[in-house]
Amino acid sequence: ALPPMPAGSLAAIPLDTLSEFLRMTNHGHLLPVMLRAVFQRTQDARSLVIRAAAAEDAVTWINCLQRAFPVRCLGQLTAATYQADPAQCLHINGTYGSSDFLFNETEMKYQFYMFDLVDDRHSEVPEVYTEYVDQVSTWMRDDPSTLGAFQEFAKLFSVDELNEDLIHLLRLFRGSHDG
């Protein structure tokens, strides 16, 4: 595996580029499910694994997930752009080509939150934090400038955990920005 990416290292990909990616990919509808998996990981410690067709797609998906949360939360969003060894998983892992992941029922249901974009299957993820997930997903896909404004707004607060505080922060932002 490549070394882990430091928190915030993916900020170089502009939100407009991520927005275009989500509108162009056949898997854009999975962003909210992936974001729910990120939240759910805080409860069950199952790492998120994305199998993409190409390295660039894995990097872009990881960037989408990291950019969906305030910068202060990035310590809980460690990522590896290529992870071949299931025993070495970080919070969010990309893989492509060959790896030691089996993408079988046991891994998908119990060990990881898996998003196999090659064979078009994914783990079931509980409906958690849907208000935050749905809003941020919509902004990332359709209104990246508002997501950017939310990210800047979030820097004013000490919210650094993946929990209900993010929903309160979101509501405060919407209330102060008319929507």
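Presented here is an overview of the structure given in this document. (Residues numbered from 1 in each chain as written. Predicted model: local features only at pLDDT ≥ 70, side-chain atom pairs only at ≥ 80, totals over all residues. Heavy atoms only, no water.)

Digging into the packing of aromatic side chains
We apply this condition: Working definition: a ring pair exists when centres of Phe, Tyr or Trp rings (six-membered ring for Trp) sit within 6.5 Å. Plane angles under 30 degrees give stacked, over 60 give edge-to-face, the rest tilted. Secondary structure elements are taken from DSSP: a helix is a run of H or I of four residues or more, a strand is a run of E of two residues or more, and numbering for both begins at the N terminus. Accessible area is worked out with a 1.4 Å probe on protein chains only. A residue is then buried under 20% of its type maximum, exposed over 50%, and partly exposed in between. Only when the NZ atom of a Lys or the CZ atom of an Arg is both within 6 Å of the ring centre and within 35 degrees of the ring normal do we say a charge sits over the ring.
Under the criterion given, the structure shown has 14 aromatic pairs. Residues F21 and W61 carry aromatic rings whose centres are separated by 5.3 Å and whose planes lie at 80° to one another, so their mutual orientation is edge-to-face. Here W61 lies in helix α3 (residues 55-67) and F21 lies in helix α1 (residues 15-24), a separation of 40 residues in the sequence. Across this residue pair, the class does not change: F21 and W61 are buried. Each member of the aromatic cluster is reached from another via a ring pair, and the members are F39, F69, Y129, Y132, W139, F150, F153, F157 and F173. A cation over a ring is seen here: R46 above Y113, with NZ or CZ 3.9 Å from the ring centre. The side chain of R51 reaches across the aromatic face of F103, ending 4.1 Å from its centre.

Describing the environment of L74
With respect to the element layout, L74 can be found in the loop between α3 and β2 (79-80). Note: C-alpha distance between L74 and E161 (87 residues apart in sequence) is 9.1 Å.

Topic: the pattern of salt bridges
Oppositely charged side chains can form a pair if their charged atoms are brought close together. What counts, and what does not: Each salt bridge in this description consists of a side-chain nitrogen of Lys or Arg and a carboxyl oxygen of Asp or Glu lying within 4 Å of one another.
Within the structure shown, the criterion is met by nine salt bridges. The partner of R51 in a salt bridge is D116, with the nearest N and O atoms 2.5 Å apart. With R51 in strand β1 (residues 47-51) and D116 in strand β4 (residues 112-116), the pair connects residues that are 65 residues apart, well separated along the chain. For the pair R51 and D116, a shared accessibility class is recorded, and that class is buried. Salt bridges sharing common partners tie together R51, D116, D119 and R121.

Section: the state of the cysteines
How we decide: Cysteine sulfurs are considered disulfide-paired once they come within 2.5 Å of each other.
The final tally for this structure, using the stated rule, is zero disulfides. Among the cysteines around C89, which has no disulfide bond, C64 carries the closest sulfur, lying 20 Å off.

Points about the environment of P70
Applied cut-off: We call two residues contacting when some pair of their heavy atoms lies within 4.5 Å.
Mapped onto the fold, P70 is located in the loop between α3 and β2. Since its relative accessible area comes to 2%, P70 is described here as buried. Along the primary structure P70 and G148 are separated by 78 residues, whereas in three dimensions their C-alpha atoms are 10.0 Å apart. In this view, P70 contacts Y132, Q151, A154, L166 and L169; residues no more than four positions away in its chain are not counted.

What about α3?
Stated formally: The span you would expect from a helix comes to 1.5 Å times its residue count less one.
Given a rise of 1.5 Å per residue, 13 residues ought to cover 18 Å, and the 18 Å separating the end C-alpha atoms of α3 matches this to within 8%. Those residues of α3 that sit buried are A58, T60, W61, I62, N63, C64, L65, Q66 and R67.

Side note on the pairing of strand β3 (residues 92-95)
Within a regular strand, side chains alternate between the sheet's two faces. For the record, the criterion: Two strands pair under a simple rule: DSSP has to find at least two bridges between them.
Going residue by residue along β3, you find I92 and G94 tucked away on one face and N93 and T95 tucked away on the opposite face as well. When β1 meets β3, the two strands line up parallel, connected through four bridges. What sits directly across from L48, in β3, is I92. Examined bridge by bridge, β2 and β3 share two bridges and lie parallel to one another. Across the sheet, the residue bridging to A79 is I92, located in β3.

None of this, on its own, says anything about what the molecule does.
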